[in-house]
Amino acid sequence: MERLVDNPDIAVVCDAIVARYHAGLQEALPRIRDAMASVSATAASPELALLRVAFDELAEQIEYHLAKEEHLLFPAFAALSAADRTGGDRPATAFVTVLHPIRAMEAEHVRIEQALDRLRELARAVVEPDALAANWRQCLAELATLDADLRADHRTENEVLFPRALELERRLL
């Protein structure tokens with residue numbers, strides 16, 4: 001991933017983020033949802049029920065967030081990049097400036113990470129019988145991977161992609 005984020009073409013960086021992080025997140029969400037349903041089918045833990053609700057809310061936030069990035073923000077970045085490559089003017093986009101949607105995405109990153117923290121707290125509170133240990137450990141491993149991937153995605157966007165997009169837009173003004 002490091003080599004791709006060093007690519008001067010921001011559209012390539014967007015594509016790399018989608019391929020590396022977004023695709024994996026979109027695959028993981030239903031898998032985790034199924035794993036939680038499997039554990040819940042044989043357990044009556046009230047903490048597990050709270051965890052499932054919190055995960056469903058987080059999954060919805062993530063899906064909506066990824067869709068906004070992939071269908072609105074990243075195409076605007078790609079249009080800026082194309083104009084920069086060809087020496088053109090700033091292209092018309094859905095935004096007066098990319099600053100506002102970037103700030104909105106950064107705020108969503110914070111909310112998603114707070115939801116991840118809450119999910120971690122709820123997972124620690126779940127006490128399940130030994131019969132579910134293997135399934136529960138697998139579910140926890142999936143949640144840990146989701147947490148790590150989301151935080152890495154957010155760092156890449158916040159620290160690499162968004163500053164570059166803002167600089168690119170400034171050059172085209």
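Just so we're clear, the structure is a prediction, and the values are computed from it rather than from any experiment. (Residues numbered from 1 in each chain as written. Predicted model: local features only at pLDDT ≥ 70, side-chain atom pairs only at ≥ 80, totals over all residues. Heavy atoms only, no water.)

Colleague: Hey, could you run me through the side chain of glutamate 169 in this one?
Modeller: With respect to the helices and strands, glutamate 169 occurs in helix H5 (residues 133–172). Assessed through its relative accessible area of 4%, glutamate 169 is described here as buried. A polar contact is formed between the side chain of glutamate 169 and the side chain of threonine 97, at a distance of 2.6 Å. Non-local contacts of glutamate 169, meaning those with residues more than four positions away in its chain, are made with Leu80, Arg90, Val96, Thr97, Val98 and Leu99. (Helix = DSSP H or I, 4+ residues; strand = E, 2+ residues; numbered from the N terminus. Buried < 20%, exposed > 50% of the residue type's maximum accessible area, 1.4 Å probe, protein only. Polar contact = N/O pair within 3.5 Å; in protein donor to acceptor, adjacent residues only side chain to side chain. Contact = heavy atoms within 4.5 Å.)

Colleague: What is the right way to look at the packing of helix H2 (residues 10–41) against H5 in this model?
Modeller: Each pair of packed helices can be described by the angle between their axes along with the distance between the axes. The N-to-C vectors of H2 and H5 enclose an angle of 155°; their axes lie 9 Å apart at closest approach. Accordingly, the angle class assigned to the pair H2 and H5 is roughly antiparallel. The two elements H2 and H5 meet at a crossing, and its hand is left-handed. Looking at the contact of H2 with H5 residue by residue, the classes come out as 20 nonpolar, four polar and seven charged. (Axes fitted to C-alpha atoms, helices over the stretch in contact; angles between N-to-C directions. Parallel < 35°, antiparallel > 145°, perpendicular 65-115°, else oblique. Left-handed = near helix turned anticlockwise from the far one by under 90°. Nonpolar A, V, L, I, M, F, W, Y, C, P; charged D, E, K, R; others polar.)

Colleague: Can you walk me through the packing of helix H3 (residues 46–86) against helix H4 (residues 99–125) in this structure?
Modeller: The geometry of H3 relative to H4 is characterised by a closest axis approach of 10 Å and an angle of 160° between their N-to-C directions. Relative to H4, H3 is oriented roughly antiparallel. With respect to the hand of their crossing, H3 and H4 are arranged in left-handed fashion. Residues that form the contact of H3 with H4 fall into these classes: 18 nonpolar, three polar and five charged.

Colleague: Can you help me understand H5 in this one?
Modeller: The periodicity of an α-helix, 3.6 residues per turn, causes residues three or four places apart in sequence to face the same way. Between its first and last C-alpha, H5 extends 56 Å over 40 residues, near the 58 Å set by a 1.5 Å rise per residue. In the structure, H5 departs most strongly from a straight axis at glutamate 157, where the bend amounts to approximately 40°. (Expected span 1.5 Å × (residues − 1). Bend = angle between axes of the 7 residues up to and from the residue.)

Colleague: Even after reading the chapter, I still don't get the packing of aromatic side chains, so can you show me in this structure?
Modeller: For any pair of aromatic rings, geometry is given as the distance between the ring centres together with the angle between the planes. This structure, assessed with the given rule, holds two aromatic pairs. Ring geometry for phenylalanine 74 versus phenylalanine 77: centroids 6.1 Å apart, planes at 25°, classification stacked. Separated by three residues within a single helix, phenylalanine 74 and phenylalanine 77 lie in helix H3, roughly one turn from each other. Side by side, phenylalanine 74 and phenylalanine 77 carry an identical accessibility label, which is buried. Ring centres 6.3 Å apart and planes at 70° place the aromatic pair phenylalanine 77 and phenylalanine 162 in the edge-to-face group. Placement of phenylalanine 77 in helix H3 and of phenylalanine 162 in helix H5 is noted, with a sequence separation of 85 residues between them. In this structure, phenylalanine 77 and phenylalanine 162 share a single accessibility class: buried. Three or more aromatic residues link up through ring pairs in this structure, and these residues are Phe74, Phe77 and Phe162. (Phe/Tyr/Trp six-rings, centres within 6.5 Å; stacked < 30°, edge-to-face > 60°.)

Colleague: Just checking my understanding: could you explain the pattern of salt bridges for this structure?
Modeller: Between side chains of opposite charge, pairing is possible as soon as their charged atoms come close. Evaluated as defined, the whole model comprises 15 salt bridges. For aspartate 149, the salt bridge is made with arginine 20, and the minimal N-O distance between the two is 3.7 Å. One end of the pair, aspartate 149, is in helix H5; the other, arginine 20, is in helix H2, with 129 residues separating them in the sequence. As a salt-bridge pair, arginine 171 and aspartate 84 come within 2.9 Å of each other at their nearest N and O atoms. (Salt bridge = Lys/Arg side-chain N within 4 Å of Asp/Glu carboxyl O.)

Colleague: What is the right way to look at the nonpolar core in this model?
Modeller: The tendency in soluble globular proteins is for nonpolar side chains to be buried side by side. Leu51, Phe55, Leu58 and Leu146 are the most contacted members of the largest nonpolar core, which has 26 residues in total. At the level of elements, H2, H3, H4 and H5 are the ones that each hand at least two residues to this core. If one sorts the elements of this core by residue count, H3 sits on top with eight residues. Listed in part, the 22 residues of the second largest apolar core include Cys14, Tyr21, Leu161 and Leu166. (Core = buried A, V, L, I, M, F, W, Y, C linked by side-chain atoms within 4.5 Å.)

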